[in-house]
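Residue-level listing of the chains:
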Amino acid sequence: MEKTNYNKEEHFAPETIAALKEHYAAILQLLGEDPSREGLLKTPERVAKAMSFLTQGYEVEPLEIIRSATFREEYRQMVLVKDIELYSLCEHHMIPFYGRAHVAYIPNGYITGLSKIARVVECYARRLQVQERLTVQIRDCIQEALNPMGVAVVIEASHMCMQMRGVEKQGSATTTSAFTGVFLSSHRTREEFMTLISHKYR
Ligand SMILES: [Zn+2]
């Protein structure tokens, strides 16, 4: 048996993998390749599994990730999880964009496990996305699950669909942000967050 990095492959519906595999073989041919040459023999199946892995976020309910680990706590200062590694696929080209997410909230009686924040980011990232919607979905999920005083999300990402096609200069990044509550109403709170995540303090 060939070993792959896709540990969850056994969870993928075999019918779906089989159908995807057939389509990817056809795609290879349409792209001018010979799907029967040795190096490509297993490629349609590998791509089918890879794409299933990279879009498995549809099967997870992000609200549940947080609700499964919500704790009563009187801490009312900013909780910041920064530099969360992020890999997603742009929905326009199905080509990766990747970067970092910084997520903060100010609890209002409830906190969640820090790893859950990263899991919410991952769950939304493993869908076809635009960076703007990804940013807002993460914010709204935390706002709805914890009802905190405020949520702040900043994502910095590079888009391969731009870089590889030469539309964008190599190395440039796109930044998106979304805020609720005190991060909107208090300039000082928002500034504190932006200072904490800014590059010069890394
Ligand atoms: Zn794109």
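Here goes a summary of the coordinates provided. On a predicted model such as this, the values are computed, not experimentally measured, just so you know.

### Looking at the pattern of salt bridges
- Taken as a whole and judged by the stated rule, the model has eight salt bridges.
- Residue Glu74 pairs with Arg72 through a salt bridge whose shortest N-O separation is 3.2 Å.
- On the accessibility criterion, Arg72 (52% relative accessible area) is exposed.
- Here the residues in one salt-bridge network are Arg72, Glu74 and Arg76, joined through shared partners.

### Some points on the nonpolar core
- The biggest cluster of nonpolar side chains holds 30 residues, and the ones touching the most others in it are Leu86, Val103, Tyr105, Leu134, Ile138, Ile142 and Ile155.
- Met78, Val154, Phe183 and Phe193 belong to the second largest nonpolar core, which has nine residues in total.

### Side note on the coordination of the zinc ion
- Coordination of the zinc ion by the protein is provided by Cys90 (SG), His93 (ND1) and Cys161 (SG), with metal-donor distances spanning 2.1 to 2.3 Å.
- In the primary structure, the donors to the zinc ion are separated according to the pattern C-x2-H-x67-C. With a gap of 71 residues between them, Cys90 in strand β2 (residues 79-90) and Cys161 in helix α6 (residues 160-163) connect regions that are remote in the sequence.
- By relative accessible area, Cys90 is classed as buried at 5%.

What counts and how
- Within each chain, residues carry numbers counting from 1 in the order of the written sequence.
- At least 70 in pLDDT is required for a residue's local features to be given in this predicted model, at least 80 for side-chain atom pairs to be given and counted, and no such filter applies to totals for whole chains, interfaces and linings, which use all residues.
- The basis for the side-chain values is all heavy atoms of the structure; hydrogens and waters are excluded.
- Throughout this description, the term salt bridge denotes a Lys or Arg side-chain nitrogen within 4 Å of a carboxyl oxygen of Asp or Glu.
- Accessibility here uses a 1.4 Å probe with only protein chains present; expressed as a share of the type maximum, an area under 20% marks a residue as buried, one over 50% as exposed, and anything in between as partly exposed.
- Buried Ala, Val, Leu, Ile, Met, Phe, Trp, Tyr and Cys residues form a nonpolar core when they are joined through side-chain atoms within 4.5 Å.
- A donor here means any N, O or S atom no more than 2.8 Å from the metal (3.2 Å for Na, K and Ca); water is not included, so a site may seem to lack partners.
- Under the scheme used here, helices are H or I runs from DSSP no shorter than 4 residues and strands are E runs no shorter than 2 residues, and both carry numbers assigned from the N terminus.

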